[in-house]
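Architecture and fold: a report
Spelled out, the chains give:
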Amino acid sequence: MNEPTNPWDLVIEWLPANDDPERPQMTLSTVTVSGEADARTVLLTEYSSDGFFFHTDAMSRKVDNIVKNSAVALTFLWPGFTRQLVVQGRAELAPADEIMAAYRRRSPYLQQLAWQNTFEFSQLPLEERRTRWAAFAQEHANGFGQPENWVGFLVRPTRMTFWTSDPDAASRRVEYRASSGGWTIAHLPG
Ligand SMILES: Cc1cc2nc3c(=O)[nH]c(=O)nc-3n(C[C@H](O)[C@H](O)[C@H](O)COP(=O)(O)O)c2cc1C
């Protein structure tokens, strides 16, 4: 019913292109080793027909969750309150060249953040954090190399659900489930 048979056609229509500086936020849900749900916001770095990429600190809780259980969900509310895309899938380590290229494309602020977003730094009082931040920026005025603990993940979708609002009718979802050789489409109430 007017939807493309390939969900990636809708992703291209819905999300900003990879070279658009405006990056969508997404809620990344993971499962802890004791089976509890966990969630946090991350930026979508880029996507391809393989899946959705995000980048983070290898020492973070989310990475610990993923290493032990690769099942994840991504929830995009984009743009505003009119569209929601929920992706269910498996996360895997992104290729090293993708991780490097993504780091180079980050703003200087986000590059520095990858260096200083540590547990030790978080324990310092505000003034000390600001002093160390400014000193680090000055020491690396010629640029930041990629820190060792900076990693990226590719989320390969097994299910993608597109929710659309409609001021003149009920909201509705179109769900795509990966099946052998293609996608199975279902229409669901919203
Ligand atoms: C708008 C927004 C964007 C964020 N983007 C990222 C991101 O791309 N990568 C990241 O590691 N953390 C990002 N964060 C911080 C995470 O939400 C989270 O606090 C942090 O990664 C630690 O999560 P964890 O302890 O569950 O691993 C972002 C937070 C906000 C509010």
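Residues numbered from 1 in each chain as written. Predicted model: local features only at pLDDT ≥ 70, side-chain atom pairs only at ≥ 80, totals over all residues. Heavy atoms only, no water.

Turning our attention to the overall build of the chain. The helix and strand inventory of the chain stands at 6 helices and 9 strands. Counting only C-alpha atoms, the chain reaches 60 × 35 × 30 Å along its principal axes. Buried residues in the chain amount to 37% of all 190 residues. Expressed as a percentage of contacts within the chain between residues at least 6 apart in sequence, the contacts between residues at least 24 apart total 59%. Summed over all atoms, the accessible surface of the chain reaches about 11100 Å², with 53% contributed by carbon and sulfur. Computing the positive centroid from 18 side-chain charges and the negative centroid from 23, the chain places the two 4 Å apart. (Helix = DSSP H or I, 4+ residues; strand = E, 2+ residues; numbered from the N terminus. Buried < 20%, exposed > 50% of the residue type's maximum accessible area, 1.4 Å probe, protein only. Contact = heavy atoms within 4.5 Å. Areas by Shrake-Rupley, 256 points an atom, 1.4 Å probe, with all protein chains shown as cover. Lys, Arg positive; Asp, Glu negative; His and termini not counted. Charge placed at Lys NZ, Arg CZ, Asp CG, Glu CD.)

Residues of helix α2 (residues 61–68) that are buried: Lys 62, Val 63, Asn 65 and Ile 66. Seen along its axis, α2 keeps its buried residues to an arc of 155°; they face one direction. Exposed positions of α2 whose direction lies more than 90 degrees from the buried face are Arg 61, Val 67 and Lys 68. Tucked into the core, α2 has its buried residues touching β1 (25–31), β2 (37–43), β4 (51–57), β5 (71–77), β6 (83–93) and β7 (150–164). (Arc of directions from axis to C-beta.)

The next thing to look at is the nonpolar core. Residues Val 11, Leu 15, Phe 52, Phe 76 and Leu 85 are the most contacted members of the largest nonpolar core, which totals 28 residues. Going through the elements one at a time, α1 (7–14), β1, β4, α2, β5, β6, β7 and β8 (172–179) are the ones with two or more residues in this core. For this core, the element with the highest residue contribution is β7, accounting for 5 residues. Listed in part, the 10 residues of the second largest apolar core include Ala 102, Tyr 103, Phe 136 and Trp 150. (Core = buried A, V, L, I, M, F, W, Y, C linked by side-chain atoms within 4.5 Å.)

Turning to the packing of aromatic side chains, a few remarks are in order. Counting across every chain of the model gives 11 aromatic pairs. When the centroid spacing of 5.0 Å and the interplanar angle of 70° are considered together, the rings of Tyr 103 and Trp 150 count as edge-to-face. Residue Tyr 103 is found in helix α3 (residues 96–105), and its partner Trp 150 is found in strand β7; the two are separated by 47 residues along the sequence. Accessibility expressed as a relative area gives 2% for Tyr 103, which makes it buried. By relative accessible area, Trp 150 is classed as buried at 6%. Between Tyr 109 and Trp 133, the aromatic rings sit 5.2 Å apart at their centres with planes inclined by 40°, giving tilted as the arrangement. Of this pair, Tyr 109 sits in helix α4 (residues 108–116) while Trp 133 sits in helix α6 (residues 126–139); the two residues are 24 residues apart in sequence, bridging distant segments of the chain. (Phe/Tyr/Trp six-rings, centres within 6.5 Å; stacked < 30°, edge-to-face > 60°.)

The next point concerns the pattern of salt bridges. What the rule picks out here adds up to 11 salt bridges. Glu 3 is paired through a salt bridge with Arg 172; the nearest N and O atoms lie 3.0 Å apart. Here Glu 3, found in the segment before α1, pairs with Arg 172, found in strand β8; they are 169 residues apart in sequence, far enough to count as distant. Since its relative accessible area comes to 21%, Glu 3 is described here as partly exposed. Arg 61 is paired through a salt bridge with Asp 38; the nearest N and O atoms lie 3.7 Å apart. Of this pair, Arg 61 sits in helix α2 while Asp 38 sits in strand β2; the two residues are 23 residues apart in sequence, bridging distant segments of the chain. What you see here is one network of salt bridges that share partners, running through Asp 38, Arg 40 and Arg 61. (Salt bridge = Lys/Arg side-chain N within 4 Å of Asp/Glu carboxyl O.)

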